[in-house]
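Here is how the chains run, residue by residue.
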Amino acid sequence: MRAFTIDLVLPSTGPLQFDPCENCDDRCIRSCPQQAFAEILYTPAEYGRNELPGRKGNYSRIACNVQMGIDEALGQPEMVADYERVMKVIKYCRQCECNCPVGK
């Protein structure tokens, strides 16, 4: 996240009509090692709202948690400078996030 601080009163411009996924080639979906976005799991009627997990109702938290479990099992002891001691460091997958071109 990025922010800046200024000492001015600025008028609101209202919400933006920006859709970061418009015209996207689904790199996030294709990069998932557990295929957590492989199928539609939720519909607006079943979920009770139009904003769905994975934007299309295709995000499986269970599949993502499988990968997180694998990542945790692969965690390695490393010296962590901020704590000045060896700790188990877990490098979570984040492939969906890291392959998204928005913000790059």
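Just so it is clear, the structure is predicted and the values come from calculations on it, not from any experiment.

Chemist: Looking at this structure, how should I read the pairing of strand S1 (residues 76–80)?
Modeler: Working note: regular strand, side chains alternate between the two faces of the sheet. Strand direction decides the pairing type here: S1 and strand S2 (residues 85–89), joined by 5 bridges, are antiparallel. Counted as the bridge partner of Pro77 is Lys88 from S2.

Chemist: When you look at the side chain of Gln67 in this model, what are you seeing that I'm missing?
Modeler: Tracing the chain through its elements places Gln67 in helix H3 (residues 61–73). Residues contacting Gln67, with those up to four places away along its chain left out, are Pro33, Gln34 and Cys93.

Chemist: Is there a simple way to think about the side chain of Ser60 in this case?
Modeler: As for its placement among the helices and strands, Ser60 is situated in the loop between helix H2 (44–47) and H3. Sequence-distant contacts of Ser60, that is, excluding residues within four places in its chain, are made with Ala36 and Leu41.

Chemist: Looking at this model, I keep getting lost on H3. Mind explaining?
Modeler: Turn by turn, an α-helix covers 3.6 residues, leaving residues three or four places apart pointing in a common direction. A rise of 1.5 Å per residue sets the reference length of H3, with its 13 residues, at 18 Å; its end C-alpha atoms lie 18 Å apart and thus fit the reference within 8%. Of all the positions in H3, only Ala63, Gln67 and Asp71 are classed as buried. Here the buried residues of H3 occupy an arc of 90° about the axis, which is enough to place them on one side. Facing away from the buried side of H3 by more than 90 degrees, the exposed set consists of Arg61, Ile62 and Ala73.

Chemist: Help me out: how do you make sense of the packing of aromatic side chains in this one?
Modeler: For the structure shown, the criterion picks out 2 aromatic pairs. Pairing Phe37 with Tyr59 gives two aromatic rings, centres 5.5 Å apart and planes at 45°, and the pair type is tilted. Here Phe37, found in the loop between helix H1 (27–31) and H2, pairs with Tyr59, found in the loop between H2 and H3; they are 22 residues apart in sequence, far enough to count as distant. What makes Phe37 buried here is its relative accessible area of 13%.

Rules behind the numbers
- Residues numbered from 1 in each chain as written.
- Predicted model: local features only at pLDDT ≥ 70, side-chain atom pairs only at ≥ 80, totals over all residues.
- Heavy atoms only, no water.
- Pairing = 2+ DSSP bridges.
- Helix = DSSP H or I, 4+ residues; strand = E, 2+ residues; numbered from the N terminus.
- Contact = heavy atoms within 4.5 Å.
- Expected span 1.5 Å × (residues − 1).
- Buried < 20%, exposed > 50% of the residue type's maximum accessible area, 1.4 Å probe, protein only.
- Arc of directions from axis to C-beta.
- Phe/Tyr/Trp six-rings, centres within 6.5 Å; stacked < 30°, edge-to-face > 60°.

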